[in-house]
Amino acid sequence: DKRKNRLRKHWLQRDLALKMQARGEAVLVYMDESYVHQNHFPKECWYRPGRPKVVRPAGKGQRLIIVHAITKHGLLRYCARGPDNPPAPAEFDSSIQPTAEMVFRAKSARGDYHDQMDCDTFMFWMERHMLPAFETIFPGKTCILVLDNAPARITTGDTGTDFGVKNTIRLN
């Protein structure tokens, strides 16, 4: 019965969020994190005959954690130039243009990478990356952040907000 009530609440919240987005009052933002190893590469690659073969480093190297957010409009990053005039790679630097992208070195290259994305790191991402990008791109709109149930977000902090169980959180 608890599960039914939780699912019902989830679908009602989702329906309300989609209606708010359709009315132009809010934007749904989906976030996730993943990882890649520094020395990740395919087993084979193309190279020009007569040139030296590609030398690959040994081992996986450091693990990099990638965090980002996406909306129905695309990745959550500000681009003043527009889709017909793409920016140069340097313009994607978050110190130049707001972006929800955050890449950082993991403390360990082994084990579950979700352990690297703890609550403090998640809140840092929210405050320094996601919210500034959202407010720049969608001024005056409500952000409805959709999360999975990764362990870092299943906590109750000082605000009493429960980030777990695929909750939808409204950020005004």
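Please refer to the structure placed before this passage.
Please read all numbers here as calculations on a predicted model, not as lab measurements.

Chemist: Report on the side chain of H129, specifying residues and quantitative values.
Modeler: Mapped onto the elements, H129 comes out in helix α2 (residues 119-137). A relative accessible area of 11% means that H129 is categorised as buried. Here E101 takes part through its backbone oxygen, which lies 3.2 Å from a polar atom of the side chain of H129.

Chemist: Which residues make up the environment of A17, and what values go with them?
Modeler: Topologically, A17 is positioned in helix α1 (residues 2-22). Since its relative accessible area comes to 4%, A17 is described here as buried. C-alpha of A17 to C-alpha of V27: the two residues are 10 residues apart in sequence and 8.2 Å apart in space. If near-sequence neighbours (up to four positions away) are discounted, A17 is found in contact with L28 and I144.

Chemist: Can you lay out α1 for me, pointing to particular residues and giving the numbers?
Modeler: Note: α-helices contain 3.6 residues per turn, so residues at a spacing of three or four share the same orientation. For α1, with 21 residues, the first-to-last C-alpha span of 30 Å sits near the 30 Å given by 1.5 Å per residue. Of the residues trailing α1, G24 is marked for its positive phi of about 85°.

Chemist: Tell me about the environment of V36, residues and numbers included.
Modeler: Mapped onto the elements of the fold, V36 is located in strand β1 (residues 26-37). Considering only alpha carbons, one finds V36 and K60, 24 residues apart in sequence, at a separation of 9.3 Å. If we ignore the near neighbours within four places in the chain, the residues touching V36 are Q62, R63, L64 and I66.

Chemist: Could you give an account of the pairing of β1, with specific residues and numbers?
Modeler: When β1 meets strand β5 (residues 142-146), the two strands line up parallel, connected through 5 bridges. Its bridge partner lying in β5, V27 is registered against C143. Direction of pairing for β1 relative to strand β2 (residues 63-71): antiparallel, over a ladder of 8 bridges. Note on β2: the bridge partner recorded for M31 is A69.

Chemist: Just give me the short version of the packing of aromatic side chains, but keep the residues and values in it.
Modeler: Applying the stated criterion across every chain, the model contains 2 aromatic pairs. Aromatic pair F122 and W125: ring centres 5.9 Å apart, planes at 35°, arrangement tilted. Remark: W125 and F122 occur in helix α2; sequence separation between them is 3 residues, near one turn of the helix. Take F122 and W125: they sit in the same class, and that class is buried. Sitting over the ring of Y35, R63 keeps its end group 4.6 Å from the ring centre.

Chemist: Residue-level account of a nonpolar patch on the surface, with values.
Modeler: A surface patch of nonpolar side chains, about 260 Å² in accessible area, is lined by Y30, I70 and L75. Structurally, I70 can be placed in strand β2. The class for I70 is partly exposed, based on a relative accessible area of 39%.

Chemist: I'd love a proper account of the nonpolar core, names of residues and values included.
Modeler: Core analysis: the largest hydrophobic core is formed by 23 residues, its most contacted members being V29, L76, W125, M130 and L145. Counting only elements with at least two residues in this core, the list comes to β1, β2, β4 (102-105), α2 and β5. Considering every element that reaches this core, the biggest residue donor is α2, with 6 residues. A17, M20, L28 and V146 belong to the second largest nonpolar core, which has 6 residues in total.

Definitions and cut-offs
- Residues numbered from 1 in each chain as written.
- Predicted model: local features only at pLDDT ≥ 70, side-chain atom pairs only at ≥ 80, totals over all residues.
- Heavy atoms only, no water.
- Helix = DSSP H or I, 4+ residues; strand = E, 2+ residues; numbered from the N terminus.
- Buried < 20%, exposed > 50% of the residue type's maximum accessible area, 1.4 Å probe, protein only.
- Polar contact = N/O pair within 3.5 Å; in protein donor to acceptor, adjacent residues only side chain to side chain.
- Contact = heavy atoms within 4.5 Å.
- Expected span 1.5 Å × (residues − 1).
- Pairing = 2+ DSSP bridges.
- Phe/Tyr/Trp six-rings, centres within 6.5 Å; stacked < 30°, edge-to-face > 60°.
- Lys NZ or Arg CZ within 6 Å of the ring centre and 35° of its normal.
- Patch = residues over 30% accessible without salt bridge, like charges linked within 9 Å, V, L, I, M, F, W, Y side chains within 5 Å.
- Areas by Shrake-Rupley, 256 points an atom, 1.4 Å probe, with all protein chains shown as cover.
- Salt bridge = Lys/Arg side-chain N within 4 Å of Asp/Glu carboxyl O.
- Core = buried A, V, L, I, M, F, W, Y, C linked by side-chain atoms within 4.5 Å.

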